[in-house]
Each structure stands twice: as structure tokens, then as C-alpha cells.
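The primary structure of each chain is shown beneath.
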Amino acid sequence: MAEVSLAGVSKIFEGGVRAVDRVDLSVPDRSFTVLVGPSGCGKSTLLRMIAGLEDISEGEMRIGGTRVNETPPRDRDIAMVFQNYALYPHMTVFDNMAFSLKMRRESSSEIAARVHEAAEMLGLEKLLDRRPKALSGGQRQRVAVGRAIVRQPKVFLFDEPLSNLDAKMRVQTRAELVRLHRRLNATMIYVTHDQAEAMTMGDQIVVLRDGRVQQIAPPLSVYDSPANAFVAGFIGSPPMNLLPCRLVARGDSFRLACTSEGGVAFETDLWDSARRAVGSFEDGRPVLLGIRPEDVRVSIPADGSPFVSVEASVDLVEQLGAEQFVTFRLGSSPMVARLQPDVAVRPDDRITFHLCLSKAVFFDQTTEEAIGPR
Ligand SMILES: Nc1ncnc2c1ncn2[C@@H]1O[C@H](COP(=O)(O)OP(=O)(O)OP(=O)(O)O)[C@@H](O)[C@H]1O
Ligand SMILES: [Mg+2]
């Protein structure tokens, strides 16, 4: 069992920087958990604490149920793969992969068997005699992963291992890592600032900001029900549209009103999920209405789901071939629609956009926390 659990774990660096702030986290045995967040949010620090490379300032960490706060890295049965690969330049691929096993004085037949098995998994068999400088970035990255695999650790830690690869290699290698996870059936914790990697690789995503956990959930839950406006803006590309609105009393029912600079942009009845989400509230409560770009359309939803229509001038059209992103403004709020590539639309066109509301979410305008049950 290699469950990793953190209770109230903090890292306070000299000078008082709280790089990691009271993190509670449970990484289930054999899960693929992704830590994601912007630069400086504490991802590497958290990972290094799990590896034992940084002391834990507060809280408790357990691996496989055992407290490891005081356990040195070599006794944690963990392998870490770094962004810069950290291969030994003067050693062959084989020796790089064999190094930790030699240090452990494994038999040479055992070492050869494990290295060849890992090399086969990673497509490195033909490269075993080369030195790192004779390898491409992607191949070096695979050697670094191979070096971790041969150790057969309980837990794999990856710190942005794909960030030195070009876009195509990244996509290919992230699929390989997911396959590897299935094959090895090991616990993996993977750090990235790339929301697409988090969405596609993780069983669970941990979103961090300023050292604090914002949300821990499976990718689609994070996408559909972000815990706060920060998560809504960070996960998903283009990010979720966040439109300032008010919940207003009209007779004995409530409506959602969006006022833009030019007056009322729209006012609409609350739809079922919205009524459940907001429950009871003060008249005039300011909220942020969150709508994904794919829920901003130019045709009315055919399934009868709720929507509200707005007319706006197009600011920007980004044609990507498979889809296009169309930017416009509602009052002072920028909005993005993800449209089919064949919709004819040009900058300055006046267009009626339909905001599909069935998947819309609300955030409190002050706290930016999601409103309602999630
Ligand atoms: N040794 C250190 N002493 C003091 N502050 C540190 C130290 N190491 C990191 N920090 C600070 O801790 C915070 C978190 O750093 P960390 O490297 O964990 O971020 P990160 O999320 O991995 O960022 P990136 O995506 O850029 O790699 C940052 O504000 C950083 O400046
Ligand atoms: Mg980092």
C-alpha cells in the first residue's frame, strides 16, 4: 500500500515565506494525482517534501500509513523525475538506469533484467549504449523515467517532466506516462502548471494557489464545478467566462440580472439548477455567472435547455481550424465563445450570442467562492 497523506502540512522558508500552507491531501494508492497551479504556488516544494528533500515545517505526512516526517529520502521508497532529467553525462543509458540498483548492490543479472524490462517499456532498447548527449530531449526524458522505474518504488514523483519537450512530444509523452501508470499500477504524483496535462492525466487534480489547496477532485468535476473563480479561470482553455450579475427579487420569484455600461444586458428567470444552487439569498446579491466558452453559441440550444440571448460586437476572431474562439464584450466583461470553424464571423460584426445556462455556475462576487451545493 502506498497511499500518501498529508495533514496540515506547511513549508515555511527562512524569512517566513509560507510556500505551502496547511495542505490536507490524500493520494490514494495506485492513483495518478496531478498537482497544478501557477508558477510559485508551491508545487515543487510540496513534491520535494513528499520526497524528503525538504523538511516539513508543520503538519504530518504519511506514506503507506507510516509517519515519514523524519524519514530520510532513501528510506521512503520513492523515485522522483525532475524537469531537467539530471542524468549522469559520462554514463551510458544502461548505466544511468542501473546506477541506483548498483548502489543497492543488486546482482548484475537482476540489474540487467530490470533495466531491459524498463527499456522495453519505454522503447529505449536500441539506445542503451549511448550517452545522454547523443539523445534527443524526449529520449533523455524517457531515460529519466526508466531510472525511476527500475527502482520499483512505491511512489513516483514527477516535477514538470515534459516542460523541455516541444508541443507534439509533450502530447505523445503524456499519453505514454498514462499508459505506464496503468501498466505499473503504482502511485504517481505529477506536478505541472499546464491545465491540459492536469485534465488529461489525473485521476484527481489538486489545484494550488499561493501554497493553499483550492480544490481536490477528478478532472471533470473540477471543470464542471470549480470551487472558486480562480479554479474556473485556471482549468479550461480558454478559461470560463465570469460575468458580474445580480440576483434580484421580482415579486415572489428571483431573477438574474446583468447590467452592462449601456444599461440592462439581460434579465432572466432562474433555471432549475440555479434555483437549487443559490437557495435563498439577499435581494441584489452580487454574483459572478460562470459560463464555459463552449456554452456560448450562435444557435439556440435544440434540446429546450435554458439560455439567454445578448447582442454584441465581435472584438477578435481566432480561427484554429477545428474550432474558433470569438471574443466580445458584455459591458466591461470580456467573453469568449468557442464556435464551429465554419460559422462566418468577423471583427466588428454585430452578433446575437446565446448563453446556455444549464451548466452555468455562480460565484460570490466578494469571496469568489462557488455558491450552492457542488
Ligand atoms: N529555498 C527557498 N527559500 C525561500 N523561498 C523559496 C525557496 N524555494 C522556493 N521558495 C519560494 O516558495 C514559493 C513556492 O516555490 P515552488 O518552487 O514550490 O513553486 P512552483 O509552484 O514549483 O513554481 P514553478 O511552476 O515556477 O516551478 C515561491 O514563492 C518561491 O519563491
Ligand atoms: Mg516548480
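For every chain, the first residue of the written sequence is number 1, and numbering continues from 1 onward in sequence order. To read the labels, note that chains go from A and ligands from 1, taken in the order they are written. The predicted origin of the model limits local features to residues at a pLDDT of at least 70 and limits the giving and counting of side-chain atom pairs to 80 or more, whereas totals for whole chains, interfaces and linings rest on all residues. Processing note: side-chain calculations cover all non-hydrogen atoms of the structure and skip hydrogens and water entirely.

### Concerning the sheet that holds strand β9 (residues 204-209)
Strands belonging to one sheet form pairs held by backbone hydrogen bonds; the direction of such a pair is parallel or antiparallel. Note: two strands are recorded as paired if DSSP finds a minimum of 2 bridges between them. Under the DSSP-based scheme used, a helix requires at least four consecutive residues in state H or I and a strand at least two consecutive residues in state E, with every element numbered from the N terminus. Strand order in the open sheet formed by six strands is β6-β7-β8-β3-β9-β10, and the pairing between neighbours is mixed. This sheet does not close on itself; its edge strands, each paired only once, are β6 (78-81) and β10 (212-217). Put simply, the sheet's adjacent strands are angled 15 degrees from each other on average, direction ignored. Bridge count between β9 and β10: five bridges; the pairing is antiparallel. Bridge pairing links Leu 208 to Val 213 in β10. Here helix α4 (residues 137-150) sits on the sheet in contact with β6 and β7 (155-159), set at roughly 180 degrees to β6. Across the sheet, helix α5 (residues 167-184) touches β3 (32-36), β7 and β8 (187-192), and the angle it forms with β8 is around 160 degrees. Each axis is a line fitted through C-alpha atoms, and for a helix only the stretch in contact is used; angles between axes span 0 to 180 degrees, taken between their N-to-C directions. The contact definition used throughout considers only heavy atoms, calling two residues in contact when any of these lie within 4.5 Å.

### With respect to the pattern of salt bridges
Salt bridges, as used here, are contacts in which a Lys or Arg side-chain nitrogen is within 4 Å of a carboxyl oxygen on Asp or Glu. Summed over the entire model, instances satisfying the criterion amount to 28 salt bridges. Lys 359 is the salt-bridge partner of Asp 224, the closest N and O atoms lying 3.8 Å from each other. Placement of Asp 224 in helix α7 (residues 219-224) and of Lys 359 in the loop between β19 (350-356) and β20 (361-364) is noted, with a sequence separation of 135 residues between them. Given the relative accessible area of 31%, Asp 224 is considered partly exposed. Salt-bridge contacts for Arg 255 lead to Glu 267; the nearest nitrogen and oxygen are separated by 2.8 Å. Here Arg 255 is found in strand β12 (residues 253-260), whereas its partner Glu 267 is found in strand β13 (residues 263-269), with twelve residues between them in sequence. The exposure class assigned to Glu 267 is partly exposed, which follows from its relative accessible area of 27%. Buried residues are those whose accessible area, probed at 1.4 Å on protein chains only, stays under 20% of the maximum for their type, while exposed residues exceed 50% and partly exposed ones sit between those limits.

### Considerations on the environment of Glu 106
Structurally, Glu 106 is set in the loop between α2 (93-103) and α3 (108-122). Classification of Glu 106 as partly exposed rests on a relative accessible area of 25%. For the pair Glu 106 and Ile 12, spaced 94 residues apart in sequence, the C-alpha to C-alpha distance is 39 Å. Not counting the four nearest positions on each side in its chain, Glu 106 is found in contact with Leu 101, Ile 111 and Arg 114.

### Structural notes on α2
Buried within α2 we find Val 93, Phe 94, Asn 96, Met 97, Ala 98, Ser 100 and Leu 101. Those residues of α2 hidden inside the fold are in contact with α3 and α4. Of the residues one or two after α2, Arg 105 is the one with positive phi, at around 60 degrees.

### So, α5
Working rule for helices: expected span equals 1.5 Å times residues minus one. Across its 18 residues, α5 extends 26 Å between first and last C-alpha, which sits within 8% of the 26 Å expected from 1.5 Å per residue. Every buried residue of α5 is listed here: Met 169, Arg 170, Thr 173, Arg 174, Leu 177, Leu 180 and His 181. In a view along the axis of α5, the buried residues occupy a sector of 130 degrees, so they form one face of it. Looking at α5, the residues exposed on the side facing more than 90 degrees away from the buried face are Lys 168 and Arg 182. Its buried side turned inward, α5 meets β3, α3, α4, β7, β8 and α6 (195-201). Here a polar contact is taken to be a pair of N or O atoms separated by no more than 3.5 Å, where protein atoms must pair a possible hydrogen donor with a possible acceptor and residues adjacent in sequence count only if both atoms sit in side chains. Capping the start of α5, Asp 166 holds a side-chain oxygen 3.1 Å from the backbone nitrogen of Lys 168, two or three residues further along. In the stretch just after α5, Asn 185 is the one whose phi turns positive, near 55 degrees. To be clear, the arc concerns the directions from the helix axis to the C-beta atoms.

### Regarding the side chain of Lys 11
Considering the arrangement of structural elements, one finds Lys 11 in strand β1 (residues 4-12). By relative accessible area, Lys 11 is classed as buried at 7%. At a separation of 3.5 Å, a polar atom in the side chain of Lys 11 contacts the side chain of Glu 54. Once you skip the residues sitting within four places of it in the chain, Lys 11 turns out to touch Val 17, Arg 18, Ala 19, Val 20, Thr 45, Met 49, Glu 54, Asp 55 and Ser 57.

### Structural notes on the site of ligand 1
Being near a molecule or strand, for a residue, comes down to having at least one heavy atom within 4 Å of it. Taken together, the residues surrounding ligand 1 are Phe 13, Ala 19, Pro 38, Ser 39, Gly 40, Cys 41, Gly 42, Lys 43, Ser 44, Thr 45 and Glu 160. Between Ser 39 and ligand 1, the recorded distance is 2.5 Å, taken from a side-chain N or O atom to an oxygen atom. Between ligand 1 and the protein, one listed contact pairs an oxygen atom with a side-chain N or O atom of Thr 45 at 2.5 Å. Considering ligand 1 on its own, with 640 Å² of exposed area, one finds that the protein chains cover 57% of that surface. At three residues, the largest contribution of residues to the shell around ligand 1 is made by helix α1 (residues 43-51). Residue polarity follows a fixed list, in which Ala, Val, Leu, Ile, Met, Phe, Trp, Tyr, Cys and Pro are nonpolar, Asp, Glu, Lys and Arg are charged, and the others, Gly among them, are polar. Considering only residue class, the shell around ligand 1 consists of four nonpolar, five polar and two charged. Per-residue and other accessible areas follow the Shrake-Rupley method at a 1.4 Å probe size, with only the shown protein chains counted as cover for residues.

### Some words on the confidence of the model for the protein chain
For the protein chain, per-residue confidence averages 92 on the pLDDT scale, and residues scoring 70 or more make up 98% of the total. Confidence scores labelled pLDDT are given residue by residue by the predictor and lie between 0 and 100. Mean pLDDT values for the elements of the protein chain range from 81 in helix α9 (residues 272-278) up to 98 in β10.

### Overview of unusual backbone geometry
Between Ser 237 and the following residue, Pro 238, the backbone shows a cis peptide bond with an omega angle of -5 degrees. Here Pro 238 shows up in the loop between α8 (229-234) and β11 (241-250). Positive phi values are uncommon outside glycine, yet Gln 152 reaches one of about 50 degrees. Tracing the chain through its elements places Gln 152 in the loop between α4 and β7. Within the chain, Asp 348 stands out as a residue other than glycine whose phi angle is a positive 75 degrees.

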